[in-house]
Amino acid sequence: MKNNKTQNLIRGALTEGRSFLYEHESKEIITLYGVPTTKQILARNEGEAEAAADKIGYPVVLKVVSPQVLHKSDVGAVLLGLKNGIAVREGYQKIINGVKSRVPDAEVLGVLVQEMARPSTEVIVGALRDPQFGPTVMFGIGGVFTEIIRDVSFRVAPLTLKEAGEMVAEIKYRKILEGVRGNPAVDVPALTEILVKTSQIMVDYPEINAIDLNPVLAYEKGAMVVDARFILSEEVKAAEPQDRLTPRELLEPKSVAVIGASSNPEKIGHKILRNIVDAGFKGSIYPINPRDAEIIGLKCYKSVLDVQGDVDAAVVVVPAAHVLQVVKECVEKKVKGAIIISSGFKDIGSDGAKMEADILKAAREGGLRIIGPNCQGVSNPKAGFCATWPLVEAVGDVAVISQSGTIALEVPSYLSGNGLGYSKAIALGNKSDIDEADLISWLSGDDDTRVIAVYTEGMKNGVKLMKAVQRASAEKPVLILKGGKTEMGKRAVLAHTGSLAGNKEVFEAAIRQGGGVSVNNLEELCDAAKAFSMLQSPKGNKLLIVTSSGGSGILASDECEHVGLTLTKLHESTVRGLRDSLPSWCVVGNPIDLTGNAMNNVTLYRDSLEIALEDESVDMVLVIFGDPITQTWDTLKSVASKAATLGIPLAVAYLGGAEVQIVETKTLQENGIPVYPTPGRAVNALGYLNVYRRIMSRLNG
Ligand SMILES: Nc1ncnc2c1ncn2[C@@H]1O[C@H](COP(=O)(O)OP(=O)(O)OP(=O)(O)O)[C@@H](O)[C@H]1O
Ligand SMILES: [Mg+2]
């Protein structure tokens, strides 16, 4: 709970110009929050030190208290296990002399005498104020070795006990906490309580920039913080503006102006106009260009203000210097939204950033929403509204939101090459106004969208993103790919937690916490989007593999563990049924290996699946075709519909089939079966279905 004592300690430090709290101050605060820590007394001389030690009880620990010494053991200023008064007096001198010789300018306030905690498994509890997500809590293993092991997990504060429990469970080396080599299992609830209380401190005091509780000694019963450090910062961020609704006219306009339309086929202003026409846009199209009377057969206007009817959306392709004027005219014309393709703003540095700010101001004052600037536009193939390039016409149910233009169009291109399509593609560019969060919120209510795929390099207001993801995930999967290096902030200098929290780690943890599906690369984004678009959610994580290729079956099996799937164990009766019906050269197990003979006996896939699908232990199926096996769809047709009825997703990996592979893949995908070129990619995509299944069950309680 917020309290005066803590406020005074923080204020005192800041008044002294100190950007951190001493160990004893930090420990006082955590004690007020009910976090267990060592008894402690600050001593100014040998005599006080001995008296303090007598009072606390031996053995004791001595540590220097000095504003110049943040990492005490680095300068030999931590003495452990002092057993009596003489050792304490000697220790006091030793610390003072040691610090004087190693940090000559150090100003020493005294020595902190503290209770010596019984050695045990060491963990770290940390917190930091992430530039995107705000207060964020960290848990890690290893105490003094955390930076080497780097086995940490993150959650955005405030934290529930359940989330804190997940943080502990997520650690790679959690086996260490479960008790190894004679060490007992540690008291996990005691740790989760410390995590939740640390989260509360961060929420209560915006002046605290980072917290290190390192190490925390974890016991069979209870836990004890033996070192604590609070880092302060004076700047307290202002609240971000509220969510604002994205107007539907931006993506489903009835009329569009292309401002900067061009008769030169090389120019973007021409390509966009041409694509809007070629995509079959049914509404009114107004090219705007003061020099032309007509472009590709359409009447041209000098200004958007000259247009008679309403204009819902404007696509802006004029040089940067003219954009402000154009935006003002759009405001005057009561255009609902502008898609600003023009570059030369924040993307080129501070002069450009200033222009961008002016544009945003004019737009906000006039109620005009903006996508971009410096973006590659938007496309809504169902509405024939292709205000981008290239033209990808395939209509489907995947929406793509991307900071990068190329990626915004790559996902639709991939889907269209795989018998699928997309509902919307939006390239965001500089995101001066509309951002990922606005669009995720909007698309969560879009009936044409079943899956949302996002590529982002991060956004300023991460909490807004997290909330939007949270709302949308209850409706449909939100796949998120985060690009950009792991960067360490300024905080890295002072706190362990800072050096362990790159913005990518925190970002991905926050997205998962919000219910988003975090993917690792573009290939996974595409593969997973395809699976979500074609398949339904599985009931569990148990996979059955039917293959003609032993090696591919093994590779698929190997991949299962990484992605959280298990190979199902078929019931005895199923195994018996399979043995009775399949030729003796088939290997009945999981995988069911039909062997290379399947090439001339393709119906064996159907025969085996008819039996296996009856088995309740099968949650999803991977069919692997090796060699050039033909007639795959004829064979799978009946069992695919049976699987769909039973709610069992079925995917195919087809490999080693040269020309035949291309033909078969096409036929299968046209019939709604996702086909992947390798076993690993197929298993990975199915794995993501399972990830979302787990998210849904978490969101539903
Ligand atoms: N009160 C204590 N009881 C038992 N062990 C302790 C105690 N204080 C410190 N230690 C041990 O000594 C080590 C170093 O102490 P401490 O963490 O206070 O030093 P530090 O140099 O400030 O650490 P860092 O800068 O790495 O966070 C701890 O990791 C812990 O193993
Ligand atoms: Mg420490």
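Residues numbered from 1 in each chain as written. Chains lettered and ligands numbered in written order. Predicted model: local features only at pLDDT ≥ 70, side-chain atom pairs only at ≥ 80, totals over all residues. Heavy atoms only, no water.

Engineer: What am I meant to see in the domain arrangement of the protein here?
Structural biologist: For the protein, the assigned domains read domain 1 (39-115), domain 2 (121-232), domain 3 (248-531) and domain 4 (536-699). Placing the centre of domain 1 and that of domain 2 at their C-alpha centroids yields a distance of 27 Å. On the domain 2 side, the residues contacting the six residues of domain 1 number four residues. Summed over both partners, the interface of domain 1 with domain 2 buries about 370 Å², with 36% contributed by carbon and sulfur atoms. Put simply, domain 1 and domain 2 have one salt bridge between them. The partner of Lys72 in a salt bridge is Asp227, with the nearest N and O atoms 2.9 Å apart. Between the two partners, domain 1 and domain 2, sit three residue pairs in polar contact (both at pLDDT 80 or more). A class-by-class count of the residues in the side of domain 1 that touches domain 2 yields one nonpolar, two polar and three charged. (Domains from an automatic or database assignment. Contact = heavy atoms within 4.5 Å. Buried area = accessible area lost by both parts, 1.4 Å probe. Salt bridge = Lys/Arg side-chain N within 4 Å of Asp/Glu carboxyl O. Polar contact = N/O pair within 3.5 Å; in protein donor to acceptor, adjacent residues only side chain to side chain. Nonpolar A, V, L, I, M, F, W, Y, C, P; charged D, E, K, R; others polar.)

Engineer: Would you mind showing me how to read the coordination of the magnesium ion (ligand 2) here?
Structural biologist: In this structure, Asn214 (O) and Asp227 (OD) serve as the protein donors to the magnesium ion (ligand 2), at separations of 2.2 to 2.3 Å. With Asn214 in strand β9 (residues 208-218) and Asp227 in the loop between β10 (223-225) and β11 (228-232), this residue pair connects regions lying 13 residues apart in the sequence. Here Asn214 matches Asp227 in class, with each residue buried. (Donors = N, O, S within 2.8 Å, 3.2 Å for Na, K, Ca; no water. Helix = DSSP H or I, 4+ residues; strand = E, 2+ residues; numbered from the N terminus. Buried < 20%, exposed > 50% of the residue type's maximum accessible area, 1.4 Å probe, protein only.)

Engineer: I tried to follow the state of the cysteines on my own but got confused; where do I start?
Structural biologist: Formally, a disulfide is one covalent bond, and it connects the sulfur atom of one cysteine to the sulfur atom of another. Overall, the coordinates contain zero disulfides when judged by the stated rule. For Cys330, which is in no disulfide, the shortest distance to another cysteine sulfur is to Cys375 and amounts to 14 Å. A relative accessible area of 0% places Cys330 in the buried class. In this structure Cys526 is a free cysteine whose sulfur lies 18 Å from that of Cys386, the closest cysteine sulfur available. (Disulfide = S-S within 2.5 Å.)

Engineer: I tried to follow the site of ligand 1 on my own but got confused; where do I start?
Structural biologist: Taken together, 21 residues are adjacent to ligand 1, and Lys63, His71, Lys72, Ser73 and Glu122 come closest. Between ligand 1 and the protein, one listed contact pairs a nitrogen atom with a backbone N or O atom of Ala117 at 2.9 Å. Interatomic distance of 2.7 Å between a side-chain N/O atom of Glu122 and an oxygen atom of ligand 1. When ligand 1 is considered free in solution it has 610 Å² of accessible area, and contact with the protein chains removes 90% of it. Listing elements by their share of the shell around ligand 1, those giving two or more residues are β3 (60-65), β4 (78-82), β5 (110-115) and β9. Here the shell around ligand 1 is composed, by residue class, of nine nonpolar, six polar and six charged. Structurally, the shell around ligand 1 is a two-domain feature, drawing no fewer than three residues from each of domain 1 (39-115) and domain 2 (121-232). (Near = heavy atom within 4 Å. Areas by Shrake-Rupley, 256 points an atom, 1.4 Å probe, with all protein chains shown as cover.)

Engineer: Would you mind showing me how to read the packing of aromatic side chains here?
Structural biologist: For any pair of aromatic rings, the description consists of the separation of the ring centres together with the inter-plane angle of the planes. Under the criterion given, the structure shown has seven aromatic pairs. Ring centres 5.6 Å apart and planes at 65° place the aromatic pair Phe133 and Phe507 in the edge-to-face group. Here the residue Phe133 occupies a position in the loop between β6 (121-130) and β7 (134-141), and Phe507 occupies one in helix α15 (residues 503-513), the gap between them amounting to 374 residues. As far as the burial class goes, Phe133 and Phe507 line up, both buried. (Phe/Tyr/Trp six-rings, centres within 6.5 Å; stacked < 30°, edge-to-face > 60°.)

Engineer: Is there a simple way to explain the packing of helix α1 (residues 4-15) against helix α2 (residues 23-32) in this structure?
Structural biologist: Between two packed helices, what matters for the description is the angle formed by their axes and the separation of those axes. Close contact between α1 and α2 brings their axes to 10 Å; oriented N to C, the two are set at 160°. Relative to α2, α1 is oriented roughly antiparallel. Considering only the axes of α1 and α2, their crossing is left-handed. Judged by residue contacts, Lys5, Thr6 and Leu9 of α1 engage Glu25, Glu28, Ile29 and Leu32 from α2. (Axes fitted to C-alpha atoms, helices over the stretch in contact; angles between N-to-C directions. Parallel < 35°, antiparallel > 145°, perpendicular 65-115°, else oblique. Left-handed = near helix turned anticlockwise from the far one by under 90°.)

Engineer: I'm lost on the packing of helix α13 (residues 462-473) against α15 in this one. Help?
Structural biologist: Axis separation between α13 and α15 bottoms out at 8 Å; the angle between their running directions is 35°. Along this stretch, α13 crosses α15, giving a crossing that reads as right-handed. Facing α13, whose interface residues are Leu465, Met466 and Val469, α15 presents Phe507, Ala510, Ile511 and Gln513.

Engineer: How should the pairing of strand β26 (residues 542-547) be read in this particular structure?
Structural biologist: With five of its six residues buried, β26 lies for the most part within the structure. Note: β26 against strand β27 (residues 566-567), two bridges, orientation parallel. By the bridge assignment, Lys542 is partnered in β27 with Thr566. One crossover worth recording links β26 to the parallel β27 by way of helix α17 (residues 550-562), and it is right-handed. In this sheet, strand β29 (residues 620-625) lies alongside β26 in parallel orientation, the contact comprising five bridges. (Pairing = 2+ DSSP bridges. Right-handed = clockwise from strand over helix to strand, strands pointing away.)

Engineer: Explain the pattern of salt bridges to me, please; I cannot follow it from the model alone.
Structural biologist: Once the charged atoms of two side chains with opposite charge are near each other, the side chains can pair. Taken as a whole and assessed by the stated rule, the structure comprises 33 salt bridges. In this structure, Lys63 engages Glu23 in a salt bridge whose closest nitrogen and oxygen atoms are separated by 2.9 Å. Of this pair, Lys63 sits in strand β3 while Glu23 sits in helix α2, and the two are 40 residues apart along the sequence. For the pair Lys63 and Glu23, one class covers both residues: buried. Salt bridges sharing partners connect three or more residues here, namely Glu23, Lys27, Lys63, Lys72, Asp212, Asp227 and Arg229.

Engineer: Could you clarify how one ought to interpret the sheet that holds β5 in this entry?
Structural biologist: Hydrogen bonding along the main chain pairs the strands of a sheet, whether they run parallel or antiparallel. Spatially, the four strands line up as an open sheet ordered β2-β5-β3-β4, and their pairing is antiparallel. Edge positions in the open sheet fall to β2 (40-43) and β4, since each of these has one partner strand only. Averaged over all pairs of adjacent strands, the angle between strand axes in this sheet comes to 20°, irrespective of strand direction. Two elements, β3 and β5, share six bridges in a ladder whose sense is antiparallel. When the sheet's bridge partners are listed, Val60 is paired in β5 with Glu115. Helix-sheet contacts for α2 involve β2, β3 and β5, and the interaxial angle to β2 is about 150°. Sitting on the sheet, helix α3 (residues 46-56) touches β2, β3 and β5, and the angle it makes with β2 is about 170°.

Engineer: Just checking my understanding: could you explain a nonpolar patch on the surface for this structure?
Structural biologist: On the surface, Phe145, Ile148, Ile149, Tyr173, Ile176 and Val180 cluster together into a nonpolar patch covering about 550 Å² of accessible area. Overall, Val180 belongs to the partly exposed group, its relative accessible area being 32%. (Patch = residues over 30% accessible without salt bridge, like charges linked within 9 Å, V, L, I, M, F, W, Y side chains within 5 Å.)

Engineer: Honestly, unusual backbone geometry in this entry has me stumped. Any pointers?
Structural biologist: Among all residues except glycine, the phi angle is most often negative; among peptide bonds, the trans geometry is most common. Each neighbour pair has its own omega, and for Ala157 with Pro158 the value is -5°, a cis peptide bond. Mapped onto the elements of the fold, Pro158 is located in the loop between β8 (152-156) and α6 (161-170). The omega angle of the peptide bond from Asn590 to Pro591 is 5°, so this bond is cis rather than trans. Inspection of the secondary structure assignment puts Pro591 in the loop between α18 (572-581) and β28 (592-593). Although it is not a glycine, Ile296 sits at a positive phi angle of roughly 30°.

Engineer: I tried to follow the side chain of Ser153 on my own but got confused; where do I start?
Structural biologist: Within the secondary structure layout, Ser153 lies in strand β8. On the accessibility criterion, Ser153 (3% relative accessible area) is buried. In this structure the side chain of Ser153 is engaged in a polar contact, spanning 2.8 Å, whose partner is the backbone oxygen of Met167. Setting aside its immediate chain neighbours within four residues, Ser153 contacts Val137, Met138, Phe139, Met167, Glu170 and Ile171.

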